[in-house]
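This is what each chain is made of:
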Amino acid sequence: MRYEESGVPGGVTTWAARGWAEENGIGSATLRRLVRAWPRRAAVTTRPEAMEESADYDPALPDYPLEIVPFAEHPRFLAARPDQRRQVLTGLWIGYNERVIATEHLIAEPAFDLVMCGVFPGCDDPLIRQSVQQAVVDESFHTYMHMLAIARTRELRDVRTRPEQPPLVTYRRLCQLLATMPEEWERHVAVLVWGAVAETCINSLLALLARDESIQPAHSLITTLHLRDETAHGSVVTEVVRELYARMNAAQRRTLVRCLPLALEAFAEQDLSTLRLELATAGVHGADEIVGDLRATSTGRRLVRDFSGAQRMVEQLGLAGEVDFDFPERPAWSPGAATPH
């Protein structure tokens, strides 16, 4: 039997990795089903005209659900004028879209690029490449949808200027980690993990707005379409990471395990500086006090509260007892880890 080394330190042999994958039923059947379903499921193939439709616009409806605003009941915010509170909600909606675009561009797409460039053993599998390329097409369409959402909101609400936003906090945490990694293969694993966590966590943010009847119909439409795709992406990414993990060497696997809780914490983090910007831009008095009070609470410091998709991925990798992260109980509204059909 011929040994084919993977080309990375401590590499597992190709024949051994294939044997492990076959023995454990790594998800080729699931991945094949997801690939076949893409033309019938993806927003870019089923609703390419969605953002061109003239959804009903009601100036009295808010742009962002008040019930998910972490400072909605703060006395300082309640004391603000109605137009100031409305402006804050509009700013939060625009900022939401800006963060989604940044997540796609800075976190998800670089991870997909690594797979398409073949930096991990197993990346040359045609099924993996097809599933990832479909996801890349989806991500470009998502960016387009959210870009249009920003432009239309600014036009309808007469938002002429926006405060300069800080770099995406999730990306900042990734850059801090990469700066500590001397080896390129380590950095590749970290980028892959950040992208995988993004694709299994972003649907929890989308679910908070999807189908919400209290906000502008166009806003719930865009998040609903995006959510459908990301629910599928979570399953695709879980299967792809399983395939790649099966072929990783011991050093790569240790790095992946080390990076997972760091990525999960990064996605859980609420960037309070962005909230302060929206409050200050709207002229709400006591913005620093509001943010300070949020910082003093655990719920105020957390943006993502549903990690069921990421938890499913960790379990599928067989790492439930190795990843140092306290997964919260899955909320009732969660889109969950259900595999789309």
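S.K.: Any details on the overall build of the protein chain? Residues and values, ideally.
M.R.: The secondary structure content of the protein chain amounts to 13 helices and 0 strands. Counting from the amino terminus, the protein chain carries its helices and strands in the arrangement α-α-α-α-α-α-α-α-α-α-α-α-α. For the protein chain, the residues scored as buried account for 51% of the 341 residues in total. Sequence-distant contacts in the protein chain: of pairs separated by 6 or more residues, those separated by 24 or more amount to 79%.

S.K.: Residue-level account of the confidence of the model for the protein chain, with values.
M.R.: Across the protein chain, the average pLDDT comes to 86, with 86% of residues at 70 or higher. Ranking the elements of the protein chain by mean pLDDT puts helix α1 (residues 14–23) last with 40 and helix α4 (residues 75–78) first with 98. This stretch, residues 1–26, has a pLDDT under 50; its non-local contacts, to residues over four places away or in other chains, come to 33 contacts. For residues 337–341, every residue scores under 50 in pLDDT, and the model assigns this stretch 16 contacts once sequence neighbours within four places are set aside.

S.K.: A description of helix α13 (residues 308–316) should follow, citing residues and the corresponding values.
M.R.: Listed in full, the buried residues belonging to α13 are Ser308, Gly309, Ala310, Arg312, Met313 and Val314. Residues of α13 that are buried make contact with α8 (184–207), α9 (217–247) and α10 (250–268). Within two residues after α13, Gly318 carries a phi angle of roughly 75 degrees, on the positive side.

S.K.: Now, about the nonpolar core: what can you tell me, with residues and values included?
M.R.: Among the nonpolar cores identified, the biggest contains 58 residues, and Val197, Leu256, Leu260, Leu264 and Leu319 are the most heavily contacted of them. Of all the secondary-structure elements, those providing two or more residues to this core are α2 (28–41), α5 (82–116), α6 (126–156), α7 (169–178), α8, α9, α10 and α13. Per element, the largest residue contribution to this core is 11 residues, and it comes from α8. Apart from residues lying up to four places away in sequence, Leu260 is in contact with Val193, Val197, Met313, Val314, Leu319 and Val323. Ranked by size, the runner-up nonpolar core spans 37 residues in total, among them Phe77, Leu272, Leu275 and Ala282.

S.K.: Can you lay out the environment of Ala149 for me, pointing to particular residues and giving the numbers?
M.R.: On the secondary structure map, Ala149 appears in helix α6. For the pair formed by Ala149 and Asn97, sequence separation is 52 residues and the distance between their alpha carbons is 7.4 Å. Dropping the residues within four chain positions of it, Ala149 is found in contact with Trp93, Asn97 and Ile222.

S.K.: Can you explain the state of the cysteines? Please cite residues and give values.
M.R.: Applying the stated criterion across every chain yields a total of 0 disulfides. Between Cys117, a cysteine without a disulfide, and Cys123, which holds the nearest cysteine sulfur, the sulfur-to-sulfur distance is 9.1 Å.

S.K.: So what's going on with the pattern of salt bridges? Which residues, and what values?
M.R.: Throughout the structure, instances matching the rule amount to 14 salt bridges. Put simply, Glu269 and Arg173 hold a salt bridge, and the shortest N to O gap is 2.8 Å. One end of the pair, Glu269, is in the loop between α10 and α11 (272–281); the other, Arg173, is in helix α7, and 96 residues separate them in sequence. Given a relative accessible area of 25%, Arg173 falls into the partly exposed group.

S.K.: Can you lay out the packing of aromatic side chains for me, pointing to particular residues and giving the numbers?
M.R.: Counted by the stated rule, this structure contains 6 aromatic pairs. Taking 5.1 Å as the distance between ring centres and 65 degrees as the angle between the ring planes, the aromatic pair formed by Phe307 and Phe325 counts as edge-to-face. With Phe307 in the loop between α12 (287–295) and α13 and Phe325 in the segment after α13, this residue pair connects regions lying 18 residues apart in the sequence. Each member of the pair Phe307 and Phe325 is classed as buried. Through pairs of rings, three or more aromatic residues link up here, namely Tyr64, Trp93 and Tyr96. Positioned above the aromatic ring of Tyr245, the side-chain terminus of Arg253 is 4.6 Å from the ring centre.

S.K.: Any details on the environment of Val132? Residues and values, ideally.
M.R.: Mapped onto the elements of the fold, Val132 is located in helix α6. Exposure remark for Val132: the relative accessible area of 2% places this residue in the buried category. Distance from Val132 to Phe112, taken between C-alpha atoms, is 6.4 Å for residues 20 residues apart in sequence. Each residue touching Val132, except ones within four places of it in the same chain, is listed here: Phe112, Val115, Met116 and Val240.

S.K.: I'd like a rundown of the side chain of His226, residues and numbers included.
M.R.: Inspection of the secondary structure puts His226 in helix α9. Here His226 is in contact with Val100, Glu104, His142, Met145, His146, Ile202 and Leu206, once residues within four sequence places are set aside.

S.K.: Any details on the packing of α11 against α12? Residues and values, ideally.
M.R.: Running from N to C, α11 and α12 point in directions that differ by 155 degrees, and their axes come no closer than 9 Å. The angle between α11 and α12 places the two elements in the roughly antiparallel class. Here the hand of the crossing between α11 and α12 comes out right-handed. The residues of α12 that touch α11, namely those facing Leu272, Leu275, Arg276, Leu279 and Ala280, are Ala287, Asp288, Ile290, Val291, Leu294 and Arg295.

Scoring rules and cut-offs
Counting restarts for each chain, with residues numbered from 1 along the sequence as it is written. Whole-chain, interface and lining totals are the exception, using all residues; otherwise, since this is a predicted model, local features are given only for residues with pLDDT of at least 70 and side-chain atom pairs are given and counted only at 80 or more. Excluded from the side-chain calculation are hydrogens and water; included are all heavy atoms of the structure. By definition, any uninterrupted DSSP run of H or I lasting at least four residues is a helix, any uninterrupted run of E lasting at least two residues is a strand, and each is numbered from the N terminus. Burial classes: relative accessible area under 20% of the type maximum marks a residue as buried, over 50% as exposed, and values in between as partly exposed (1.4 Å probe, protein chains only). The contact definition used throughout considers only heavy atoms, calling two residues in contact when any of these lie within 4.5 Å. On a scale of 0 to 100, pLDDT captures the predictor's confidence in every residue. Among the buried residues, those of types Ala, Val, Leu, Ile, Met, Phe, Trp, Tyr and Cys that are joined through side-chain atoms within 4.5 Å form a nonpolar core. Two cysteine sulfurs form what is called a disulfide whenever their separation falls within 2.5 Å. By definition here, a salt bridge exists when the distance from a side-chain nitrogen of Lys or Arg to a carboxyl oxygen of Asp or Glu is within 4 Å. Pairs were defined over the aromatic rings of Phe, Tyr and Trp, the Trp ring being its six-membered one, requiring ring centres within 6.5 Å. Orientation was assigned from the angle between planes: stacked under 30 degrees, edge-to-face over 60, tilted for the rest. In this scheme, Lys NZ or Arg CZ marks a charge over a ring once it lies within 6 Å of the ring centre and within 35 degrees of the ring normal. All axes are obtained by fitting lines to C-alpha atoms, using only the stretch in contact for helices, and the reported angles, taken between N-to-C directions, cover 0 to 180 degrees. Here the word oblique covers every angle except those under 35 degrees (roughly parallel), over 145 (roughly antiparallel) and from 65 to 115 (roughly perpendicular). In a left-handed crossing the near helix is turned counterclockwise from the far helix by less than a right angle, and in a right-handed crossing that turn is clockwise.

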